[in-house]
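Spelled out, the chains give:
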Amino acid sequence: SPSKTLPPGPYAVRVTSIKTVENISDRSKQQLEITLEALDSSFDGACIRFWTSPILHSKGKLLPFIECVIKRALSSAELESGFDVDQLVGQELRILVRSELSPAGKVLIKVTNFLLSQN
């Protein structure tokens with residue numbers, strides 16, 4: 001069944017899959033496709049995906065995503081040797097979803113922020 005789209009807002013989600021896929025804009029590079037499923041049952045398993053470079057750098061989405069899920073900053077050793085993202089599958093985090101207009105005038109639903117949980 002086609003997954004429902006989440007309307008803009010903050011959500012508690014579970015990481016359901018992290019896959020390495022071809023970068024559509026640059027086929028020589030790979031990117032990660034991360035699928036998140038809404039935990040709130042009223043959204044009936046609606047999922048949202050985002051794509052990110054597999055490289056851990058401060059401007060990317062991967063580093064804040066990992067740190068939000070594990071609720072701590074990565075150590076310099078982890079930053080150097082890399083972090084096994086597979087261990088994040090099944091973990092929960094909070095995200096902020098916003099709708100943005102693409103240059104072509106299409107509404108895109110995007111994960112814009114990873115929120116540190118209050119607890």
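Below is a short write-up of the structure. (Residues numbered from 1 in each chain as written. Predicted model: local features only at pLDDT ≥ 70, side-chain atom pairs only at ≥ 80, totals over all residues. Heavy atoms only, no water.)

Focus: the nonpolar core
Inclusion rule: Nonpolar cores are built from buried Ala, Val, Leu, Ile, Met, Phe, Trp, Tyr and Cys residues. Side-chain atoms within 4.5 Å join them into one set. Each residue is placed in one exposure class: buried if its accessible area under a 1.4 Å probe, protein chains only, is under 20% of its type's maximum, exposed if it is over 50%, and partly exposed if it falls in between. The helix and strand labels rest on DSSP assignments: H or I over at least four residues marks a helix, E over at least two residues marks a strand, and numbering proceeds from the N terminus. Between two residues, a contact is recorded if the distance between any of their heavy atoms is within 4.5 Å.
Among the nonpolar cores identified, the biggest contains 28 residues, and Ile34, Leu36, Phe65, Ile66, Leu93 and Ile95 are the most heavily contacted of them. Sorting the residues of this core by element identifies β1 (9–22), β2 (30–38), β3 (47–52), α1 (62–70), β4 (92–101) and β5 (107–115) as the ones contributing at least two each. For Ile34, the residues in contact, after removing those within four places along its chain, are Val15, Ser17, Ile18, Ile48, Arg49, Phe50, Thr52, Leu62 and Phe65.

Some thoughts on α1
Here α1 has its buried residues at Leu62, Leu63, Phe65, Ile66, Cys68 and Val69. In this fold, the buried residues of α1 make contact with β1, β2, β3, α2 (76–81), β4 and β5. Just past α1, the residue Lys71 takes up positive phi, approximately 60°.

Describing the pairing of β5
Note the following rule: One bridge is not enough; two strands pair if DSSP finds at least two bridges between them.
As paired elements, β4 and β5 share 8 bridges and run antiparallel to each other. Following the sheet pairing, Leu96 is matched in β5 by Asn113. Following β4, the chain reverses through 5 residues before pairing antiparallel with β5; Gly105 in that reversal takes a positive phi of roughly 85°.

Concerning the pairing of β1
Every other side chain in a regular strand lies on the same face of the sheet, so the side chains alternate between the two faces. Alignment of β1 against β4, held across 6 bridges, turns out to be antiparallel. Bridging across to β4, Val13 finds its partner in Leu93. Of the strand pairs in this sheet, β1 and β2 are connected by 9 bridges, and their pairing is antiparallel. Across the sheet, residue Val21 finds its bridge partner in β2, namely Gln31.

Some points on unusual backbone geometry
Unusually for a residue other than glycine, Asp44 sits at a positive phi of about 50°. Counting through the fold element by element, Asp44 comes out in the loop between β2 and β3. Located in the positive-phi region is Lys71, a residue other than glycine, with phi close to 60°. Along the chain, Lys71 turns up in the loop between α1 and α2.

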